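The lines below spell out each chain.
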Protein chains: 2
Amino acid sequence: MTRILYDLAGADESFRFSPYCWRIKLALAHKNLPYETIPWRFTDKDAIAMSGQGKVPVLVDGDKVVADSQAIAEYLDAAYPAEASLFSEADCRAFANFVKSWTERSLHHAITPVVIADIYARLAPQDQPYFRQTREAALKRSIEDFAAGREAAMPAFRAALAPIYAVLKTQAFISGETPAYPDHIVFGALQWARLVSSTPLFTEDDAIVAWMNRVLAEYDLL
Amino acid sequence: MTRILYDLAGADESFRFSPYCWRIKLALAHKNLPYETIPWRFTDKDAIAMSGQGKVPVLVDGDKVVADSQAIAEYLDAAYPAEASLFSEADCRAFANFVKSWTERSLHHAITPVVIADIYARLAPQDQPYFRQTREAALKRSIEDFAAGREAAMPAFRAALAPIYAVLKTQAFISGETPAYPDHIVFGALQWARLVSSTPLFTEDDAIVAWMNRVLAEYDLL
């Protein structure tokens, strides 16, 4: 039996550039499963018609045909449990570290221009000069300039939330079925954002608000 | 013994907005550890001088003083192992799902404007009309407009990489000490980016290149 992966190619058939196909080539290597690739072009719909859809990666493993990189990864872990796991070998502390890095290097940066003038307005008077001096020096913009640019910062804030909405479509908490430190990290960022914002950032039926309420309810903090 | 958390406050001392303090309030709740908060202002440096630094959260737990949210979270998990873990309860499949969501909703969006014209140029001739039609319809910009805006897209691409650089400062792989599916997902995105880019995106001594080489070496693919 030959294991076959249909792999996106350019004009040069050795040019294999699909990010989703690369995931699966590494996943197959991780599980130590030999395979061959067939170069595939976007318009070769007939070649993968047996998969019931029109995109690669498509894996043909004996009489099993699997499309979609996520479905293939899950298939491989289920079909070859004796080989190294794709999922359960990931370290849970690394999960918290990834979420921390993303929150501090991306999410906080998207929130700051939306709320920094609101924070300044709500500080104790003795803190305002300190806050202005440290933040304006670090961010190289004045509080007043941030205030004037608040609306312009909203699209980037909304865009930064996209990964959270995507995660919450398939699971109740960021950490999985119950909350853990990855939830606490993201909750902290969005609690900060919604508490200080002078205008509402979320409607009550927003999926993020529902998740925040689930976190609080889990700890009897609602 | 009273457990004390120094918690950032605004002019109204009940206004508690720090994202880092919120992480720890949830972490304490997760571990079912009662505590009291002391409202703290940015300029109250004397009040937390015993912590050896000048920011909150600061936790005073008996005769133990711990500053920095990450250090506090790790202290709590180590000091109270009989309580629910902050880290090890997170589900590893949720880790892959988070990385997948971030990669597809943020990282890919930052890469696309940098490389889409380069991809078009390298496709098989029969694929170019399909690619142009589907991508221009989805993204509402022409391939030529993307080509002209390539340099303008570089700062957002660089900014999107910041969480990866931060993670790789403290661990060898995104998944922890060995690579797993979260690495495969991010590798796929950056392999796509560097393979198709008409100009180099990384220097050879870049920490991301070093990580990609570690992933390939792990699977004897170098």
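Before going into details, it helps to say that this report is about the structure given with it. (Residues numbered from 1 in each chain as written. Chains lettered and ligands numbered in written order. Predicted model: local features only at pLDDT ≥ 70, side-chain atom pairs only at ≥ 80, totals over all residues.)

### Points about the overall build of chain A
A tally of helices and strands in chain A yields nine helices and four strands. Across chain A, helices and strands are ordered from the amino to the carboxyl terminus as β-α-β-β-β-α-α-α-α-α-α-α-α. Computed over its C-alpha atoms, the radius of gyration of chain A comes to 23 Å, more than 25% above the 17 Å expected for a compact globule of 222 residues. Seen through its principal axes, chain A has C-alpha atoms that stretch 75 × 45 × 30 Å. Looking at chain A as a whole, 41% of its 222 residues are labelled buried. Taking as baseline every contact in chain A between residues at least 6 positions apart, the subset at least 24 positions apart corresponds to 63%. (Helix = DSSP H or I, 4+ residues; strand = E, 2+ residues; numbered from the N terminus. Rg over C-alpha atoms; globule rule 2.2 N^0.38 Å. Buried ≥ 20, exposed ≤ 12 C-beta atoms within 10 Å, placed from the backbone. Contact = placed C-beta atoms within 7 Å.)

### Side note on the relation of the copies chain B and chain A
Both copies of the chain are related by a screw-like operation: a rotation about an axis and a shift along it. Least-squares fitting of chain B to chain A yields an RMSD of 0.0 Å, with the transformation described by 0.0 Å of translation along the axis and a rotation of 180°. The superposition of one copy onto the other is thereby described by a two-fold rotation axis. The rotation axis passes nearest to the C-alpha of B:Phe95 in chain B, at a distance of 2.8 Å. Of all interface residues in chain B, 100% are interface residues in chain A too; the two copies therefore contact each other through one and the same surface. (Least-squares fit on C-alpha atoms with pLDDT ≥ 70 in both.)

### Focus: the interface of chain B and chain A
Taken together, the 72 residues of chain B in the interface contact 72 residues of chain A. Looking at the side of chain B that touches chain A, the elements with two or more residues in it are helix 1 (19-30), helix 2 (69-79), helix 3 (92-122), helix 4 (128-139), helix 6 (150-170) and helix 7 (181-196) of chain B. Per element, the largest residue contribution to the side of chain B that touches chain A is 15 residues, and it comes from helix 3 of chain B.

### Observations regarding the environment of A:Arg93
Note that A:Arg93 resides in helix 3 (residues 92-122). For A:Arg93, a count of 19 C-beta atoms within 10 Å gives the class partly exposed. Residues A:Arg93 and A:Asp220, 127 residues apart in the sequence, show an inter-C-alpha distance of 25 Å. Leave out the neighbours within four places in its chain, and A:Arg93 touches B:Phe87 and B:Gly176.

### Considerations on helix 4 (residues 128-139) of chain A
The terminal C-alpha atoms of helix 4 of chain A lie 16 Å apart, and with 12 residues this matches the ideal 16 Å at 1.5 Å per residue to within 8%. Note on helix 4 of chain A: the residue one or two positions beyond its end, A:Lys140, has a positive phi of about 60°. (Expected span 1.5 Å × (residues − 1).)

### Side note on the nonpolar core
The nonpolar side chains of a soluble globular protein tend to be buried with one another. A:Phe95, A:Val99, A:Ile111, A:Ala193, B:Phe95, B:Val99 and B:Ile111 are the most contacted members of the largest nonpolar core, which has 117 residues in total. For B:Val99, the residues in contact, after removing those within four places along its chain, are A:Phe98, B:Ile174, B:Pro182, B:Ile185 and B:Val186. (Core = buried A, V, L, I, M, F, W, Y, C linked by C-beta atoms within 7 Å.)

### A word on the packing of helix 1 of chain B against helix 2 of chain B
All names here are of chain B. One way to put it is that helix 1 packs onto helix 2 with a least axis distance of 9 Å and a crossing angle of 10°. Compared by their axis directions, helix 1 and helix 2 come out roughly parallel. Counting all contacts with helix 1, which are made through Tyr20, Arg23, Ile24 and Ala27, the residues of helix 2 involved are Ser69, Ile72, Ala73 and Leu76. (Axes fitted to C-alpha atoms, helices over the stretch in contact; angles between N-to-C directions. Parallel < 35°, antiparallel > 145°, perpendicular 65-115°, else oblique.)

### Structural notes on the sheet that holds strand 3 (residues 58-61) of chain B
Residues and elements named next belong to chain B. Taking strand neighbours across the sheet as the criterion, the four strands line up as 2-1-3-4 in an open arrangement whose pairing is mixed. Strands with a single pairing partner mark the edges of an open sheet, and in this sheet they are strand 2 (36-40) and strand 4 (64-67). Neighbour to neighbour, the strand axes of the sheet diverge by 20° on average, direction disregarded. Bridge count for strand 3 against strand 4 is four bridges, and the pairing is antiparallel. The partner of valine 58 across the bridge, within strand 4, is alanine 67. (Pairing = 2+ DSSP bridges.)

### Here's the deal with the environment of B:Asp91
Among the secondary structure elements, B:Asp91 is positioned in the loop between helix 2 and helix 3. Those residues in contact with B:Asp91 that lie beyond four places of it in its chain are A:Ser175, A:Gly176 and A:Glu177.

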